[in-house]
Each structure stands twice: as C-alpha cells, then as structure tokens.
Amino acid sequence: MRYTVSINQNRDFRRLYSSGKSAVNAYLAIYCRRNKTAVNRLGLTVGTKIGKAVVRNRVRRRIREAYRLREASLKTGYDIVIVARTRAAQSSYQEIDRALGALLSKLGISEVQA
C-alpha cells in the first residue's frame, strides 16, 4: 500500500472508536477521523468471533486487498479502522469489495463514488 501506513497503537484505535465517524453494513464497520498528516493510516480488526486463525487471516487479506485497489482514489489525511463483522467470514471477495466501497462513499472518504 503506497499511500497508507498502519495503525498499531491501541490508543489510536480507541480514539477512533470513541470520536470518529462510523458507517456499518452486514460485512464491515468503518471508523474514520481526520489526522494531521498527508497520509492515510489504516487499522484492521478481525475478532475471534469471526472464526479460527485461517478464516480470520483470509478475511484480513480480502479486506486489505479491497482497500489496496481503492487506495489511489481515497482522500488523504484520514485515520481509518475497518472492523470485520461475523458475516464477512462466509462472504466472497466481491461482496467485501462492494461493502467497503459503499461504506467509504457513505463516509465521504472516497473521491470516486462507488
């Protein structure tokens, strides 16, 4: 991912959960907030309710790839946390991609409307 760095600190995740804008659908929940930098920061959360490690890693890879393909069309300067919901475990890549695009458009982060 060329324009994005990772969010690793727990305090950054908590700040987004408490004071960020959010949008939710059946597959994903997204929290976002402006940051004071020229790059986006991305955090992914896939909880143990999703399934065992193999399933969680598959969901994480699909979300990361869907984000990577949309990355160039996103506005910069945002902290973004994507939380996988339980339905994401049984969904295909196309469903996750559509869900991500719809939520990014709903939050106004995507410059290209999906």
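These remarks concern the structure in this document. Note that the coordinates shown come from a computational prediction; the quantities given were computed from them, not determined experimentally.

So, about the overall build of the protein. Of the regular secondary structure elements, the protein holds three helices and five strands. Compactness check: the protein gives a C-alpha radius of gyration of 13 Å against a globular reference of 13 Å for 114 residues, within 12% of the reference. With the C-alpha coordinates of the protein rotated into their principal frame, the extents come out at 35 × 30 × 25 Å. In the protein, buried positions account for 40% of the 114 residues. Considering only residue pairs separated by 6 or more positions, the protein has 80% of its internal contacts joining residues 24 or more positions apart. Only carbon and sulfur atoms are counted for the fraction: they give 47% of the accessible area of the protein, which is about 6,500 Å².

Taken across its seven residues, strand 5 (residues 78-84) has seven buried, putting it largely inside the fold. Alternating positions in strand 5 separate into two faces, Y78, I80, I82 and A84 on one and D79, V81 and V83 on the other, with burial throughout. Sheet topology places strand 3 (residues 28-34) next to strand 5; seven bridges connect them, and they run antiparallel. Its bridge partner lying in strand 5, Y31 is registered against V81. Sheet analysis places strand 4 (residues 40-45) next to strand 5, joined by five bridges and oriented parallel. Its bridge partner lying in strand 5, L44 is registered against I82. One crossover worth recording links strand 4 to the parallel strand 5 by way of helix 2 (residues 53-70), and it is left-handed.

Among the secondary structure elements, S110 is positioned in the segment after helix 3 (93-107). What S110 contacts, discounting residues up to four positions off in sequence, is S73, L74, L104 and S105.

If you walk through the whole model with that rule in mind, you get two aromatic pairs. With a centroid separation of 6.4 Å and an interplanar angle of 45°, the aromatic rings of F13 and Y17 are classed as tilted. With a gap of four residues between them, F13 and Y17 both fall in helix 1 (residues 10-19), about one helical turn apart. With a relative accessible area of 12%, F13 lands in the buried category. Here Y17 falls in the partly exposed class, since its relative accessible area comes to 36%.

Rules and cut-offs
- Residues numbered from 1 in each chain as written.
- Predicted model: local features only at pLDDT ≥ 70, side-chain atom pairs only at ≥ 80, totals over all residues.
- Heavy atoms only, no water.
- Helix = DSSP H or I, 4+ residues; strand = E, 2+ residues; numbered from the N terminus.
- Rg over C-alpha atoms; globule rule 2.2 N^0.38 Å.
- Buried < 20%, exposed > 50% of the residue type's maximum accessible area, 1.4 Å probe, protein only.
- Contact = heavy atoms within 4.5 Å.
- Areas by Shrake-Rupley, 256 points an atom, 1.4 Å probe, with all protein chains shown as cover.
- Pairing = 2+ DSSP bridges.
- Right-handed = clockwise from strand over helix to strand, strands pointing away.
- Phe/Tyr/Trp six-rings, centres within 6.5 Å; stacked < 30°, edge-to-face > 60°.

Honestly, that's just the spatial picture; any functional story needs more than this.
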